[in-house]
Amino acid sequence: MTYDFDQLYEEFSGRIYKLCLSYSGDQLFADDLHQETWIAVWNSLPKFRGESKIGTWVYRIAINTCLVGLKKEKNKDQNSEIILAKLVHEETYDNSKEINRLYECISKLKESERIIITLVLEEKPYEEIAEITGITENNLRVKIHRIKKELQEIYTNYGRI
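Not measured: the values here are computed from a predicted model. (Residues numbered from 1 in each chain as written. Predicted model: local features only at pLDDT ≥ 70, side-chain atom pairs only at ≥ 80, totals over all residues. Heavy atoms only, no water.)

Right, let's get into a negative patch on the surface. A contiguous patch of negative charge, built from Asp4, Asp6, Glu10 and Glu11, is present on the exposed surface. Mapping Asp6 onto the fold places it in helix 1 (residues 5-24). (Patch = residues over 30% accessible without salt bridge, like charges linked within 9 Å, V, L, I, M, F, W, Y side chains within 5 Å. Areas by Shrake-Rupley, 256 points an atom, 1.4 Å probe, with all protein chains shown as cover. Salt bridge = Lys/Arg side-chain N within 4 Å of Asp/Glu carboxyl O. Lys, Arg positive; Asp, Glu negative; His and termini not counted. Charge placed at Lys NZ, Arg CZ, Asp CG, Glu CD. Helix = DSSP H or I, 4+ residues; strand = E, 2+ residues; numbered from the N terminus.)

The terminal C-alpha atoms of helix 8 (residues 137-158), which comprises 22 residues, lie 31 Å apart, in line with the 32 Å expected from a rise of 1.5 Å per residue. Looking at helix 8, one finds that the buried residues are Leu140, Ile144, Ile147, Leu151, Ile154 and Tyr155. The buried residues of helix 8 occupy an angular sector of 95° when the element is viewed end-on, so they sit on one face. Opposite its buried face, helix 8 presents the exposed residues Asn138, His145, Arg146, Lys149, Gln152, Glu153, Thr156 and Asn157, each directed more than 90 degrees away. Buried-residue contacts for helix 8 involve helix 5 (97-107), helix 6 (111-121) and helix 7 (126-133). (Expected span 1.5 Å × (residues − 1). Buried < 20%, exposed > 50% of the residue type's maximum accessible area, 1.4 Å probe, protein only. Arc of directions from axis to C-beta. Contact = heavy atoms within 4.5 Å.)

Before going further, it helps to spend a moment on the nonpolar core. With 43 residues, the main nonpolar core has Ile16, Trp38, Trp57 and Val58 as its most contacted residues. Both domains that furnish three or more residues to this core are identified here as domain 1 (1-79) and domain 2 (92-160). Excluding its chain neighbours within four sequence positions, the residues that come into contact with Trp38 are Phe5, Leu8, Tyr9, Phe12, Ser13, Ile16 and Val58. (Core = buried A, V, L, I, M, F, W, Y, C linked by side-chain atoms within 4.5 Å. Domains from an automatic or database assignment.)

In this section: the environment of Ile54. With respect to the element layout, Ile54 can be found in helix 3 (residues 54-76). Separated by 46 residues in the primary sequence, Ile54 and Leu8 place their C-alpha atoms 8.6 Å from one another.

A few words now on the packing of helix 6 against helix 8. One can describe the packing of helix 6 onto helix 8 by two numbers: an axis separation of 10 Å at closest approach and a directional angle of 95°. Accordingly, the angle class assigned to the pair helix 6 and helix 8 is roughly perpendicular. Every residue of helix 8 that contacts helix 6 at Glu113, Ile116, Ile117 and Val120 is listed here: Leu140, Lys143, Ile144, Ile147, Lys148, Glu150 and Leu151. Grouping the constituent residues of the contact of helix 6 with helix 8 by class yields seven nonpolar, no polar and four charged. (Axes fitted to C-alpha atoms, helices over the stretch in contact; angles between N-to-C directions. Parallel < 35°, antiparallel > 145°, perpendicular 65-115°, else oblique. Nonpolar A, V, L, I, M, F, W, Y, C, P; charged D, E, K, R; others polar.)

The structure is reproduced here in structure tokens:
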């Protein structure tokens, strides 16, 4: 089965951007990661074998792109907390301070937790999240519960805007 790049971009671009933003904590860096993700999708699309859902495959590329990008960025600037903290001062596309605060809090989570909570916020089915992250659904449910508690604690410590 062949897939149209434009349709994939239209369907997944917004969600992939949010994933990139939750990883980077910085709008400009998220823009770069988002663009790099779609370049990788474009280059790899002819090789897609259909062994998973196309959305799962796109998310895997995005996650890998974010991890590589963060590693490169960390090598450039060892103090990644400064980069992550910029989000509170940046404006996202919808200019919502609460959403900025949420993504800043998400950026404080561990990498694996960021992936999971971002996919939950995208309302992905647990089965698909489990497939993307490589864990069982039962383990996923436990992790989501713990992540929500941790995120609530981080959010509370920062206080509401």
